[in-house]
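Results of the structural survey
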Amino acid sequence: MKGIKMMCLATLLAGCTAAVDDNGQQIDELYGKMSQEERIAQLRSMYMDELFDDQGQLDTAKCRQLIPNGIGHFSQYASQKPMDPNVLRDRVAAVQQWLMQNTPNGIPALFHEEVLSGINTRGATIYPQQIGQACSFNTELAELKTRQTSTAMRRMGGVLSLSPMVDVCRTPSFNRLEESYGEDGYLSAAMGTAFVRGLQQGDLRKGVGACSKHYLGYGGGGDADEKQMMEDILLPHETMIRLAGSLAVMPGYHAVHGTSCAANSEILIDILRGYLGFDGMVVSDYTAIDQLPNLTETAQKAAAAINGGCDVDFPHGANYKYLQQAIDQGLVKPEVLERAVKNVLRYKQRAGLLDAEPYLYAKEQIVLDTPEERQTAYDIAAQSVVLLQNNGILPLKAKPQGAKLNILLTGPNANSMWAMCGDYSFPAMSYFWKMVENDLEHPHIVKLLEGMTDRKADNMSIMYSRGCDWTETIETKYGKGGDERAWDYDILHRKVDAGEKADKAEALAMARQSDVIVAAVGENVMLCGENRDRQGLRLPGRQEQFVNELIATGKPVVLVIFGGRAQVISGLAERCAAVIQAWYPGEEGGHAVADILYGRVSPSAKLSVSYPNTEVYEPMCYNYTGEQDKRVQWPFGFGLSYTTFEYNNLKVESEAATDATAVSLSFEVKNTGQMAADEIAQVYLSPTDDAQHLNPIQLQGFARVSLKPGETRTVRVKLYTEQFGYYSHQNQRQWNISPGTFVVKVGASFADIRLQQRITLKGKPVSKPLREYYFSESVVE
C-alpha cells in the first residue's frame, strides 16, 4: 500500500512521545542554576567555523572569548565548508566536549542543518526536490528518504533540521515554490507528516528534529481569509505537530495581518500554542528579526520578537545579544525570557542532550550516499516525473528490422548538473550563497546525457549538441526579500557558466539527421530559488526560440522541462510531440528520466500544482471553484501514463451519523493497457450546497495502485467524518461536522472524475476544539 495510512491521534502521540517524556523538574532546576548570561546564550546561535583555526583545530581561546556561557545552537553546521563527514563529526565532538567540560552548566548545543533534499553537506545523497516528490503522492518513500537522511545526520552530530518547508504555495511565480509540496493543503500535510516521521524516527534521542516552516502562509497564503488560513494553510503545520510530534517551528519573513511573523503573537502564541497546544521551540528564519520594520534599536527588535513568541534568534543571535538591555528597559518581562529559555532546554531534553550519556554523534566510520540511498533517490525521481503530453512518440522505440533510432539530445539542461539539483542542495547552496563555482559535483550527479547513454538499447544512437544557453543575459532580478544575506548585487548579478559551447547551427544540423529530438530546457540555480526572481515565467532566454527552430526541422520534439516551478509553454507545447515535467530530480535524475523516455518505467506522477497557460502572479488553486481555471493548461492531479486505467464499482455507505467515526468506500482500478504501471487514484469530497461551508472540491485521500496489464485491484478507503467538517471562529475556534449530503468523487485528477456517489450525514451538529483524524486510510487489495 502506497497511499496514506494514518492512525488515531492518541496512538500516534503516544508513539511520538514515549521516548521524550518531559522532566519538568530537571528543566526548572537547571534554569534556576543558570546565570542570566547563560540563559540568553541558549537563545543565540553562531557558525561552528568561528571556533576553529586555519589548521582545523578547536581554538579554545576563541571558545573562552565567544562562548564562555555556552551557546544554544550552531547554524548550518554541515555546509559551511566542503568537508569529509568524519572530519565534520570530529569537529562537532570537539565543540560539544568543550561545552560540557568548560561552561558553567555543561549544556550541549543543538547543531542544525537544512535537509530538504538530503543533508546539505558535501557528498550526501541529493534526493529530488520537494515539488517533484509531491507529484509521486508516495508518503512511504517520503518517510524512507528522511529516515536515511536522519540516520546519517545524527551520526555526524546533527540534532535539529530546518526542514521541511510546508508552505501551501498557490502563487505559480513564487521563487521558492520548488521547496514546497504544491498548492494543496491535504497533500502537503500528508507528505510533510511523512517527512517528520522518517526524520524523527519516533524518538528525538536517535532521530533528527524537524522544523515546520515557514509559518504561516508564506508563498501566497499570508493574505488568505481566516477560514482558508485555518483549514488549508495551517493544515501541514498542524498535522506535523499533532500527529508526528514536530517540536520546532520557524515563522516566515512575511507579515500576517500587518505584523511580521517573527514577532506575531496572533500566530505564534494565540494559534500555535493556544489553539494547537504546541509546546516546542520557535526559531527565527535567518535575519528575520533584523528585518522587523519600524524599529531602529536591536533591543527593540529583540523585545518585539521574544514578546511575540519567537524563542531563538538565527543565525547569530545578533538581536537577542541585547535581551538583557531590553529587560533592563522594561521591554521584556522576566517570565517571557524564562518561557523562551525553557522551550530551548526542553527541546534539548527531549533530544537526549541533557541525559547522563547523550547521543551526540557516532564513533564509527561515516559513509555518505550509500547504494541504498542512491536507490531511494532513483525511486523517488522515477515517481516524480510527470508526463504532460504524448502523441504516441513515447516511449522511444528502436526502428523495425534492426535499423537504428537516431536521437538528438540538445538544450541547456541536457548535460548539466543544474538540471538535477534544486535549491538547498549542497551544490546549489555553495554556488549561490558562497559563490563557489567549481568542484561541486559531490556525490556524482547523473545528467540526462549520461542517463540516456547508459540506458539506451543497442539499436539506438545518441547525438548531442547543447544548442543554446539558459540565457544570454543575466535574468535574475535584484530585490530585497527573504534572507538579507542575499541582498548583494554580486550574489544576484550572475549567470551560470555551463562550461561548454552552445552551438545552435551544429544542433540544428544534427536535428535534421535525427529521427527524434529530446530538448532539455528550463531553469537553473540562478533562475529559481530563494531570493531569485527572473523576467517572467516562460522559458528563460532564447530557449523557446530554439525549440521552435527544432520543431521547424520537421522532426518530432520531446520537450523535457527541468526547474522548480511550472513554466509557461502554451503555444509551444501544442507543437511538441511530447512534454515531460521533470522538476529537479536529484542525483539519479538522469537515469530516471531516461528510463521513462525509453519505456523501462511508465510515468506515474501527478501534478501537485495547477500548471498555468499564462503568467500568474497571484494565488490560484483547484479548490477555489471546483472547475478548471481558464488560466490552467494541465490541472492539479493530472499526469499521463504509457497505459490506460479504468475505474469501476464505487461503493459508498449511503448514510452515516454525524457522530460516527468514519465511513467506508471501495472502488476498482483496472489496467486496460499493455504495460505494467502505477495509477494514483484520488478521492475528493464536494458539498451539494453552498451553505455547507466546504471547498467546492477537496482532495481527501489517494492511493498508488500497481497494476499488471489486464489486472484489477480493489482500493478500500476509510473516510473519517471529521473530513466532512469545517472550521469556525465565533466565540471560540472549533471544528464542526454538520448534517447534510455530500458527494464522494474518485478520479485520475480533480478534473477527471471517473466515479461519484452521494452520502448523507444525519444527526445533530458536532463541534470539537480540534480534529482527531486528518487523513483517510487507503488499502489496496
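Below is a short write-up of the structure. (Residues numbered from 1 in each chain as written. Predicted model: local features only at pLDDT ≥ 70, side-chain atom pairs only at ≥ 80, totals over all residues. Heavy atoms only, no water.)

1. Description of helix α10 (residues 235-242)
- In terms of burial, α10 is a largely internal element, 8 of the 8 residues being buried.
- Within the span of α10, buried status applies to L235, P236, H237, E238, T239, M240, I241 and R242. (Buried < 20%, exposed > 50% of the residue type's maximum accessible area, 1.4 Å probe, protein only. Helix = DSSP H or I, 4+ residues; strand = E, 2+ residues; numbered from the N terminus.)

2. Things to note about the packing of helix α19 (residues 504-513) against helix α20 (residues 543-552)
- Two elements in contact, α19 and α20, have axes whose closest approach is 10 Å; the angle formed by their N-to-C orientations is 30°. It follows from the interaxial angle that α19 and α20 lie roughly parallel. Here α19 and α20 pass one another in a crossing that is right-handed. Contacts from K504, A507, L508 and A511 of α19 reach α20 at Q545, F546, E549 and L550. (Axes fitted to C-alpha atoms, helices over the stretch in contact; angles between N-to-C directions. Parallel < 35°, antiparallel > 145°, perpendicular 65-115°, else oblique. Left-handed = near helix turned anticlockwise from the far one by under 90°. Contact = heavy atoms within 4.5 Å.)

3. Observations regarding unusual backbone geometry
- Put simply, Y215 and L216 share a cis peptide bond, and its omega is 5°.
- Relative to the assigned elements, L216 resides in the loop between β5 (212-215) and α9 (226-233).
- Residue P315 follows F314 across a cis peptide bond; omega there is 0°.
- Positive phi values are uncommon outside glycine, yet Y424 reaches one of about 75°.
- Of note, Y424 is situated in the loop between β11 (405-410) and α16 (426-434).

4. Looking at the sheet that holds strand β6 (residues 248-251)
- An order of β5-β6-β9 is seen for the 3 strands of this open sheet, with the pairing classed as parallel. The open sheet terminates on both sides in strands that have one partner only, identified here as β5 and β9 (281-282).
- Sheet topology note: the β5/β6 ladder contains 3 bridges and is parallel. In the strand pairing of β6, Y215 is matched with P251. (Pairing = 2+ DSSP bridges.)

5. Some remarks on the layout of surface pockets
- Put simply, the second largest pocket is a space of about 370 Å³.
- Contributing to the lining of the second largest pocket are 18 residues, with A41, R44, L66, I71 and K321 lying nearest its centre.
- Contributing elements (two or more residues each) for the lining of the second largest pocket: α3 (36-41), β1 (45-46) and α4 (60-66).
- With 4 residues, the top contributor of residues to the lining of the second largest pocket is α3. (1 Å grid on protein atoms, 1.4 Å probe; cavity = no way out; pocket = protein on both sides within 12 Å on 5 of 7 lines; lining within 4 Å. Points joined across faces, edges and corners; volume = space filled by probe spheres on them.)

6. A closer look at the nonpolar core
- Counting 196 residues, the largest nonpolar core has L396, W418, L559, L597 and F667 as the members making the most contacts within it.
- In terms of residue count, the dominant contributor to this core is helix α14 (residues 334-350) (7 residues).
- Not counting residues within four places of it along the chain, the set of residues in contact with L396 comprises L405, I407, M460, V516, V518, L597 and Y598.
- Counting residues in each nonpolar core, the second largest holds 58 residues, with I71, A78, A124 and L368 among its members. (Core = buried A, V, L, I, M, F, W, Y, C linked by side-chain atoms within 4.5 Å.)

7. Some points on the packing of aromatic side chains
- Across all of its chains, the model carries 19 aromatic pairs by this definition.
- A centroid spacing of 6.0 Å and a plane angle of 80° characterise the contact between Y622 and Y684, whose relative ring orientation is edge-to-face. A residue pair is termed long-range when its members are at least 10 positions apart, and Y622 in the loop between β16 (611-612) and β17 (632-634) and Y684 in strand β21 (residues 677-687) qualify at 62 residues.
- Ring geometry for Y720 versus Y773: centroids 4.1 Å apart, planes at 5°, classification stacked. Within this pair, whereas Y720 is found in strand β23 (residues 712-720), its partner Y773 is found in the loop between β28 (766-768) and β29 (777-780), the two being separated by 53 residues in sequence.
- Among the residues examined, Y773 registers a relative accessible area of 17% and is labelled buried.
- Here the aromatic residues F137, Y186, Y622, F636, Y684, F702, F750 and F775 are joined through ring pairs into a cluster of three or more.
- The side chain of R39 reaches across the aromatic face of Y31, ending 3.9 Å from its centre. (Phe/Tyr/Trp six-rings, centres within 6.5 Å; stacked < 30°, edge-to-face > 60°. Lys NZ or Arg CZ within 6 Å of the ring centre and 35° of its normal.)

The values are spatial; any link to function lies outside them.
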